[in-house]
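The residues making up each chain are set out below.
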Amino acid sequence: EYKTGDLHILGSYHPPITKFSEVFRDENGFPYIMFLGKKMFFPKNHKFNKRNGKEIVEDILYEQGSESPHRYIPDNFCMPDNSIIVDAGVCEGNFSLRYIEKAKKIYLIEVDELWMEALKKTFAPYRDKVVFCNKFLSGRDNGSEITLDTLVKENIDFIKMDIEGAEVDALLGGKEILSKSKAQCAICSYHRQYDEKYIAHILRSYGYITAHSKGYMFFPYDDNMIDTIDLRRGVVYGVKR
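Along each chain, residues carry numbers from 1 onward, in the same order as the chain's sequence is written. Where totals are concerned, whole chains, interfaces and linings use all residues; where local detail is concerned, this predicted model gives features only for residues with pLDDT of at least 70, and gives and counts side-chain atom pairs only at 80 or more. By convention in this description, side-chain values take in all heavy atoms of the structure and omit both hydrogens and water.

A.B. asks: What should I look at first to understand the overall build of the protein chain in this one?
C.D. replies: When you go through the protein chain residue by residue, the secondary structure sums to seven helices and 17 strands. Here the C-alpha radius of gyration of the protein chain, 18 Å, is about what a compact globule of 241 residues would show, namely 18 Å. Summarising its shape, the C-alpha atoms of the protein chain cover approximately 55 × 45 × 35 Å along the three principal directions. Here's how the labels work: a residue is buried when its accessible area is under 20% of the maximum for its type, exposed when over 50%, partly exposed in between, all with a 1.4 Å probe on protein chains only. For the protein chain, buried positions account for 51% of its 241 residues. Only heavy atoms matter for contacts: two residues are in contact if any of them lie within 4.5 Å across the pair. Counting contacts in the protein chain only where the partners sit at least 6 residues apart, residues at least 24 apart contribute 62% of the total. Under the convention used here, Asp and Glu are negative, Lys and Arg are positive, and both His and the chain ends fall outside the count. All charge positions are set by atom: Lys at NZ, Arg at CZ, Asp at CG, Glu at CD. Positive and negative charge centroids in the protein chain, built from 34 and 36 side chains respectively, lie 4 Å apart. To qualify as a helix, a DSSP run of H or I must reach at least 4 residues; to qualify as a strand, a run of E must reach at least 2; elements of each kind are numbered from the N terminus. To get the radius of gyration, use the C-alpha atoms; to get the globule rule, take the number of residues to the power 0.38 and multiply by 2.2 Å.

A.B. asks: Please explain the packing of aromatic side chains as it appears in this structure.
C.D. replies: By convention here, two paired aromatic rings are described through the distance between centres and the angle between planes. Pairing of aromatic side chains requires ring centres within 6.5 Å, counting the rings of Phe and Tyr and the six-membered ring of Trp. Pairs whose planes differ by under 30 degrees are stacked, by over 60 edge-to-face, and all others tilted. If you walk through the whole model with that rule in mind, you get 11 aromatic pairs. When the centroid spacing of 5.8 Å and the interplanar angle of 35° are considered together, the rings of Phe-24 and Tyr-32 count as tilted. For Phe-24, a relative accessible area of 35% corresponds to the partly exposed category. The class of Tyr-32 is buried, set by a relative accessible area of 11%.

A.B. asks: Help me understand the environment of His-212 in this model?
C.D. replies: Mapped onto the fold, His-212 is located in strand 15 (residues 209-212). Judged by its relative accessible area of 36%, His-212 is partly exposed. Considering only alpha carbons, one finds His-212 and Gly-93, 119 residues apart in sequence, at a separation of 23 Å. Between N or O atoms, a polar contact is any pair within 3.5 Å; within protein, one atom must be a potential hydrogen donor and the other a potential acceptor, and residues adjacent in sequence are included only when both atoms are from side chains. Polar side-chain contacts of His-212 include one of 3.5 Å to the side chain of Arg-233.

A.B. asks: Help me understand the sheet that holds strand 5 (residues 38-41) in this model?
C.D. replies: Hydrogen bonds along the backbone pair up the strands of a sheet, which may run parallel or antiparallel. In this description, strands pair whenever DSSP reports at least two bridges between them. Within the open sheet, the three strands sit side by side as 3-4-5. Their pairing is antiparallel. Two strands bound the open sheet, and with one partner strand each, they are strand 3 (24-25) and strand 5. Relative to strand 4 (residues 31-35), strand 3 runs antiparallel, the two being bridged by two bridges. Bridged to Phe-24 within strand 4 is Tyr-32.

A.B. asks: How should the nonpolar core be read in this particular structure?
C.D. replies: One recurring pattern in soluble globular proteins: nonpolar side chains tend to sit buried together. In this text, buried Ala, Val, Leu, Ile, Met, Phe, Trp, Tyr and Cys residues form a nonpolar core when linked through side-chain atoms within 4.5 Å. With 38 residues, the main nonpolar core has Met-40, Phe-42, Val-57, Ile-85, Phe-95, Phe-123 and Phe-158 as its most contacted residues. When contributions to this core are tallied by element, the ones reaching two or more residues are strand 4, strand 5, helix 1 (94-99), strand 9 (103-109), helix 2 (113-122), strand 14 (184-188) and strand 17 (235-239). Ignoring any residue separated from it by four or fewer positions in sequence, one finds Phe-123 in contact with Gly-93, Ser-96, Leu-97, Ile-100, Leu-108, Val-130 and Phe-132. The next biggest cluster of nonpolar side chains, apart from the first, holds 30 residues, and it includes Ile-84, Leu-151, Tyr-206 and Tyr-208.

A.B. asks: Teacher, can you tell me more about helix 6 (residues 195-205) here?
C.D. replies: Every α-helical turn comprises 3.6 residues, leaving residues that sit three or four positions apart pointing alike. Within helix 6, the full set of buried residues consists of Asp-195, Ile-199, Ala-200, Ile-202 and Leu-203. The buried residues of helix 6 all sit within an arc of 165° when viewed along its axis, so they share a single face. Residues of helix 6 that are exposed and point over 90 degrees away from its buried face: Lys-197, His-201, Arg-204 and Ser-205. Tucked inside the fold, the buried residues of helix 6 contact helix 4 (167-172), strand 14, strand 15 and strand 17. Looking at the residues trailing helix 6, positive phi occurs at Gly-207, about 100°. Taking the helix axis as origin, the arc is that swept by the directions to the C-beta atoms.

Geometric values such as these leave the question of function open.
So this is what it looks like as structure tokens:
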């Protein structure tokens, strides 16, 4: 399964990389690559690989291939025009940048301040349709945390969530908005041992039908992995009929 791609060891296994993007820098020294004809910025201190003496970024979408357990967009899904999108755990922003033209509004939730600084440069041309949130998505509201129900007031069409194991807590804080929305959901479930079951249960309680991405993932960065040694589904999908 490791060789055929059905098993993905995060941080260790990569499919063959055939695409490279050269890194450029703007007048203020911020690095960026060209992604789908748009500038996608990185933090100033980001460490890049080098190829032939040039800084490069390997295929930014390598983990989103059709057979990847980490794929956010399931087969046969097309993002509707004028979508309201929630992107929780934005990182460099390649997911939202792919759909920015189709979106009516995108909520960009990223707690890392260095990445948020880069994201504001990347999405500056679309500031009229982007909401930046530099808090942890959670099941409660306080100075550093915010719930989906507090942040988002209109019905949403798509939610992608990849927030380092806080997905269950964040979903519990989105009962109102997810129950009234008919959103396509892509919720990462590989960070903790039983998150696939918990995430699916919560989504079903909100009226969603659930499925999961293909294959399995082994996540060595879980502090409890030495005790569990388990394989996990990468993403739980939810949809309302």
